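Given next are the chains, with one letter for each unit.
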Amino acid sequence: MRLPFLPHLPYRNLLAGLAILLAGCAGDPLQHADGLASGAAFQREEIDTGRFVLTTYVKARPAPTVLRVYIEGDGRAWLSRTQVSPDPTPHEAMGLQLALSDARANTATSTGTATDTANGTALLYLARPCQFTPMARNPACGPAYWTGLRYAPEVVDAMNQALSQYVARFKPARLELVGYSGGGAIAVLLAARRQDVSAIRTIAGNLDHVAVNRWHQVSQMPGSLNPIDVAQRVRTIPQRHFSGADDRVVPTAITRDFVAQTGACAALQVVPGMAHESDWPAIWPGLLRQPLACTSHTAAAGGKTQ
């Protein structure tokens, strides 16, 4: 972020001015998300799962052909390599922006593609525990749940409970999961414990946090479940995993290993010129139209790469 030039000011005034500028740049992530979502006719809701109250945004009609669920990434977990954030709510909310991109494509097309809501696609965004919902209503929240326990069993349980509530409410014919970054880990972990997931898509997904943390030379997360450990449990689900060729947060090699362990129903698509936090929503409708790796459950050894 480039700050505007400040003329010669007393030191105390200079600090005050900088604080105001930084606060203005940061804004309120919830208000920002509400503004984006309302413009696309999404409704914000809160789902009480017992341990956590989860914030969601939904745009759906009863009995849709497809319920496509977008799962947020890890958010603002760290302020620096060594300083934990006091609040993991993402300022940009890439997962939400992907859902909104899907919705805009729905509005713009009536060609009967996979993104056409006229043919019954409902959209749901799931924030992760402790994101967006005020901490006062989430007493179980603490830094552990956006650092070492970000994929803990109780986190996956809460996400699964919320998902089940929406499935019971809307009764979709098919259920698709889409996860960005750490949301990709949650998508795989959810699919591994459910029987109704018809497709998985991840964008820059952390599909092996042990390998990712080893790559970055940071502490491991023994309290978190690891998606690659359940690769064989999702092997019959059609899936496509998108990796940016310039991603230095979750390198393509890690995604490739997950795809190889999953099998023929999983495909890796490497996207040139894209890094971890690039503008994925801008190209998402085109990526979403890419065919899934398989449409039948006749898994064979080895995943596909494109």
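A brief structural summary. Small disclaimer: the values here were computed from a predicted structure and weren't measured.

Rules and cut-offs
Residues numbered from 1 in each chain as written. Predicted model: local features only at pLDDT ≥ 70, side-chain atom pairs only at ≥ 80, totals over all residues. Heavy atoms only, no water. Helix = DSSP H or I, 4+ residues; strand = E, 2+ residues; numbered from the N terminus. Buried < 20%, exposed > 50% of the residue type's maximum accessible area, 1.4 Å probe, protein only. Contact = heavy atoms within 4.5 Å. Areas by Shrake-Rupley, 256 points an atom, 1.4 Å probe, with all protein chains shown as cover. Core = buried A, V, L, I, M, F, W, Y, C linked by side-chain atoms within 4.5 Å. Expected span 1.5 Å × (residues − 1). Disulfide = S-S within 2.5 Å. Pairing = 2+ DSSP bridges. Polar contact = N/O pair within 3.5 Å; in protein donor to acceptor, adjacent residues only side chain to side chain. Salt bridge = Lys/Arg side-chain N within 4 Å of Asp/Glu carboxyl O.

A word on the overall build of the chain. Of regular secondary structure, the chain possesses 8 helices and 9 strands. Taken across its 306 residues, the chain has 51% of its residues classed as buried. Contacts spanning at least 24 positions in sequence make up 73% of the contacts within the chain whose residues lie at least 6 apart. Entry remark: accessible area of the chain is about 13,900 Å², with carbon and sulfur atoms responsible for 54%.

What follows concerns helix 6 (residues 209-216). For helix 6, the complete set of buried residues consists of H209, A211, V212 and N213. The inward-facing, buried residues of helix 6 abut helix 7 (252-262). A positive phi of about 55° marks Q217, the residue just after helix 6.

Here the focus is the nonpolar core. With 46 residues, the main nonpolar core has V69 and L177 as its most contacted residues. For this core, the secondary-structure elements that each account for two or more residues are strand 2 (53-59), strand 3 (66-71), strand 4 (121-126), helix 4 (153-170), strand 5 (174-180), helix 5 (182-193) and strand 6 (197-203). Top contributing element to this core by residue count: helix 4, with 9 residues. Excluding its chain neighbours within four sequence positions, the residues that come into contact with V69 are L124, L126, L163, L175, E176, L177 and V178. By size, the runner-up hydrophobic cluster in this structure holds 28 residues, among which are A37, L98, Y180 and W284.

A few words on helix 4. Under the 1.5 Å per step criterion, the end-to-end length of helix 4 is 26 Å for 18 residues, consistent within 8% with the ideal 26 Å. Among all positions in helix 4, only V155, V156, A158, M159, N160, A162, L163, Y166, V167 and F170 are buried. Against the buried residues of helix 4 lie strand 1 (43-48), strand 2, strand 3, strand 4, strand 5 and helix 5. Following helix 4 by one or two positions, K171 adopts a phi angle in the positive range, close to 50°.

Evaluation of the coordinates by the stated rule reveals 2 disulfides. Here C130 is linked by a disulfide to C141, with a sulfur-sulfur distance of 2.0 Å. Around the S-S axis, the bridge from C130 to C141 shows a dihedral of about -100° and counts as left-handed. Of the two residues, C130 is situated in the loop between strand 4 and helix 4 and C141 in the loop between strand 4 and helix 4; the sequence distance between them amounts to 11 residues. Here C130 and C141 have matching classes, each one buried. The partner cysteine of C265 in its disulfide is C294, sulfur to sulfur 2.1 Å.

Consecutive side chains along a regular strand alternate between the two faces of the sheet. Most of strand 2 sits inside the fold, with 6 of its 7 residues counted as buried. Pairing between strand 1 and strand 2: 6 bridges, direction antiparallel. Its bridge partner being in strand 2, Q43 is matched across the sheet by V58. If you look at the hairpin formed by strand 1 and strand 2, you'll find 4 residues sitting between the two strands, and G50 has a positive phi there, around 100°.

Turning to the side chain of E45, a few remarks are in order. Looking at the element boundaries, E45 is found in strand 1. Within polar-contact distance, the side chain of E45 engages the side chain of Y166 at 2.6 Å. Not counting chain neighbours up to four residues away, the residues in contact with E45 comprise L54, T55, T56, V58, Y166 and R169.

Along the polypeptide, Y151 turns up in the loop between strand 4 and helix 4. Sequence spacing of Y151 and G182 is 31 residues, and the spatial spacing of their C-alpha atoms is 8.4 Å. Excluding anything up to four places from it in sequence, Y151 contacts D74, R128, V156, G182, A185, I186, L189, N206, H209, M221, S224 and L225. A distance of 3.0 Å separates the side chain of Y151 from the side chain of D74, its partner in a polar contact.

Right, let's talk about the pattern of salt bridges for a bit. Per the stated rule, a full pass over the model turns up 10 salt bridges. Among the salt bridges present, the one from R150 reaches D74, with a minimum N-O distance of 2.8 Å. Remark: D74 occurs in the loop between strand 3 and helix 3 (94-108) and R150 occurs in the loop between strand 4 and helix 4; sequence separation between them is 76 residues. A single burial state applies to R150 and to D74, both of which are buried.

So, on to unusual backbone geometry. The phi torsion at C130 lies on the positive side, around 80°, for a residue other than glycine. Phi at S181 takes a positive value of approximately 55°, unusual for a residue other than glycine. On the secondary structure map, S181 appears in the loop between strand 5 and helix 5.

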